[in-house]
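In case you want the letters, here they are:
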Amino acid sequence: VKSAGSLDALHECGTVALDKTGTITTGSLTLTSALVLTPTDITPIKLPELLSPSPSASPVSSSSEIASNPRRSSEQQGSAPQQTTLSSMASGSSFSDELFQPQDLGFDALQYAVALSRVSNHPVARAVVDAAGESAALDVAVSQFEQVPGSGVHALCQRGPWPPVTVRFGSVDFIRESLAEGCHMAGPLDQALSDQRRAGSKAMSVLSVSPMTGGSPHFVAVFCFEDLIQGGVESAVRELQSGTWKRNGGPEHRKEVVMLTGDNLAVAEQVASSVGIGAFMAALKPEDKLKFVTAFTNKQSSSKETDGQRGGLLMMGDGINDAPALAAAHVGVAVAATPSDMVAAAADIIVLNGNGVVNLPWLFKIASKTRSIIRQNLTLALLSVVFATLPVVAGFIPLWLAVLLHE
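Residues numbered from 1 in each chain as written. Predicted model: local features only at pLDDT ≥ 70, side-chain atom pairs only at ≥ 80, totals over all residues. Heavy atoms only, no water.

Here we look at helix 1 (residues 4–11)
So, step 1. Taken together, the buried positions of helix 1 are Ser6, Leu7, Leu10 and His11. The buried residues of helix 1 all sit within an arc of 140 degrees when viewed along its axis, so they share a single face. (Buried < 20%, exposed > 50% of the residue type's maximum accessible area, 1.4 Å probe, protein only. Helix = DSSP H or I, 4+ residues; strand = E, 2+ residues; numbered from the N terminus. Arc of directions from axis to C-beta.)

Here we look at the sheet that holds strand 13 (residues 312–317)
So, step 1. The sheet built from six strands is open, its strands ordered 10-9-1-13-14-15 with parallel pairing. Whereas interior strands pair on both sides, the edge strands pair on one side only; in this sheet they are strand 10 (279–281) and strand 15 (349–351). Neighbour-to-neighbour, the strand axes of this sheet turn through a mean angle of 20 degrees, independent of strand direction.
So, step 2. In the sheet, strand 1 (residues 13–19) pairs with strand 9 (residues 256–260) via five bridges, with the strands oriented parallel. The residue of strand 9 that forms the bridge with valine 16 is valine 257.
So, step 3. Across the face of the sheet, helix 15 (residues 360–394) comes into contact with strand 1, strand 13 and strand 15 while running at roughly 150 degrees to strand 1. (Pairing = 2+ DSSP bridges. Axes fitted to C-alpha atoms, helices over the stretch in contact; angles between N-to-C directions. Contact = heavy atoms within 4.5 Å.)

Some words on the sheet that holds strand 5 (residues 152–159)
So, step 1. Taken in spatial order, the seven strands of this open sheet run 3-2-8-7-6-5-4, and their pairing is antiparallel. Of all strands in the sheet, those bounded by a partner on one side alone are strand 3 (42–44) and strand 4 (140–148). Taking the axes of each pair of neighbouring strands and ignoring which way they run, one obtains an average angle of 20 degrees across the sheet.
So, step 2. Two strands pair when backbone bridges link them, and strand 5 and strand 6 (residues 165–170) are joined in this way by six bridges, in the antiparallel orientation. Note on strand 6: the bridge partner recorded for valine 153 is phenylalanine 169.

Things to note about the packing of aromatic side chains
So, step 1. As enumerated under the stated definition, the model contains two aromatic pairs in all.
So, step 2. Considering the side-chain rings of phenylalanine 169 and phenylalanine 223, the 5.6 Å spacing of their centres and the 70 degrees angle between planes classify their relative orientation as edge-to-face. With phenylalanine 169 in strand 6 and phenylalanine 223 in strand 8 (residues 219–226), the pair connects residues that are 54 residues apart, well separated along the chain.
So, step 3. For phenylalanine 223, a relative accessible area of 0% corresponds to the buried category.
So, step 4. Aromatic side chains tryptophan 245 and phenylalanine 364 sit 5.6 Å apart centroid to centroid with 40 degrees between the ring planes, which places their arrangement in the tilted category. Taken together, the positions of tryptophan 245 in the loop between helix 10 (233–242) and strand 9 and phenylalanine 364 in helix 15 put the pair 119 residues apart, joining distant regions of the chain. (Phe/Tyr/Trp six-rings, centres within 6.5 Å; stacked < 30°, edge-to-face > 60°.)

Focus on the environment of asparagine 359
So, step 1. For asparagine 359, the location among the structural elements is in the loop between strand 15 and helix 15.
So, step 2. Ignoring anything within four residues of it in the chain, the contact list for asparagine 359 reads Val351 and Asn353.
So, step 3. Of note is the side chain of asparagine 359, whose polar atom sits 2.9 Å from the side chain of asparagine 353. (Polar contact = N/O pair within 3.5 Å; in protein donor to acceptor, adjacent residues only side chain to side chain.)

Section: the packing of helix 1 against helix 15
For any two helices packed against each other, one specifies the crossing angle of their axes together with the interaxial distance.
So, step 1. Close contact between helix 1 and helix 15 brings their axes to 8 Å; oriented N to C, the two are set at 100 degrees. Judged on the interaxial angle alone, helix 15 and helix 1 are roughly perpendicular. Residues Leu7, Asp8, Leu10 and His11 of helix 1 lie in contact with helix 15, whose contacting residues are Leu363, Phe364, Ile366, Ala367, Ser368, Thr370 and Arg371. (Parallel < 35°, antiparallel > 145°, perpendicular 65-115°, else oblique.)

Written as structure tokens, this is what we have:
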């Protein structure tokens, strides 16, 4: 807790806004499945096969497999690529060419995803690197890297002898915005996303590989991740909503809990219902979270209490993308690994044990107890002044003794 004022402001908060990833969930994503999309095919990427080769070996190791795949053969031997390569794709080659197997594109997609993830600190990036291992994508050169907060990353990538391509990796909306109107990849992408949502995928990121000069993507890949809900979150949310965080708590101690997330509506609804949160907002960018907090603050500024409920807003988040919203809230609570984390600088209170929401009932207890102690001290101080002053005025005790008793 950075200051006593933070505890006093916390006592006035009647609404709790929670980020999802790393706050409600563990934030430790696991890559579970992936798809590679071409204009005519949606093909699962065989992750176990692509993630298991030894650091020194290419994904295709046997001589028979190399002979049956000229493209991979030329890549392993370090020679110039065959006729159907990313270079020829840029000039209009068809995906139906037998040299282009979908699994080859899956391997390329994974390599590009790992290369971009290595220079990002997003949970999705960490999950991709953890799944692929440190030896993956060492032959991919990355340049002109740019990170778009709350959306994704893009850069120029070059693998071995192939020409550079523009690679984007991030949220669904981030990739959709890069697709030209009428792009032939839009239909397969929508179909793949719809299928994965029906299958219960909790988080998805999309990668697109396009010509360096612009135009429609060569191919698109969808990566699906699993994120677990932290233990104790449902119980903590229930305590906040019912007011039972305080012993003998009444209606005035109930908190309204809302979840803010950049994930899609289906994922947000699934996570919110799992922990008992009825109000949530999905597909939010960092600036959208800031707008929510600012609008709430402006709405409540004219009155500190509405219908018996305290009007302050507590915002809890764990990423640098949440920093603007944390700074704008009445009380910002950051879930950080160390006090020196960038997100911690914008917060009033820092949670260092990694438990996130589970700490909130305890924090409200401390804030309430602190205010009670302050009131007790003020009451005792006033009473001591009264009982010490009246005898002096009446002449029963000398002034010096009254001052001594007061101290």
